[in-house]
Amino acid sequence: MASLHGAQEDPYAPIERLQDANRRLQEATVRLKQSNARMECHLAELRLCVARLREKYPEPSDKLSPH
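Bear in mind the structure is a predicted one, so any value in this text is a computation, not a measurement. (Residues numbered from 1 in each chain as written. Predicted model: local features only at pLDDT ≥ 70, side-chain atom pairs only at ≥ 80, totals over all residues. Heavy atoms only, no water.)

A. Examining the pattern of salt bridges more closely. Counted by the stated rule, this structure contains 4 salt bridges. Here Arg23 and Glu27 are joined by a salt bridge, their closest N and O atoms 3.0 Å apart. One end of the pair, Arg23, and the other, Glu27, are both in helix H2 (residues 13–56), 4 residues apart, so they sit about a helical turn from each other. Given a relative accessible area of 38%, Arg23 falls into the partly exposed group. Look at Glu27 and you get partly exposed, because its relative accessible area is 36%. Among the ionic contacts, a cluster of salt bridges with common partners joins Asp20, Arg23, Arg24 and Glu27. (Salt bridge = Lys/Arg side-chain N within 4 Å of Asp/Glu carboxyl O. Helix = DSSP H or I, 4+ residues; strand = E, 2+ residues; numbered from the N terminus. Buried < 20%, exposed > 50% of the residue type's maximum accessible area, 1.4 Å probe, protein only.)

Laid out in structure tokens, this is it:
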């Protein structure tokens, strides 16, 4: 049996690989959430800029439009 075990992979190796993959997935999830939070912040800033531009330069009303 010892010779068979010597030829086989460590029985815990698949578990260790899964744990490593899970750790990397969790780290990637954290980075994705941080990136998403930054993008949400940028989006809020852009929406604020658009609102300010619309106040400063209101769109002409449809009645005044040459269409």
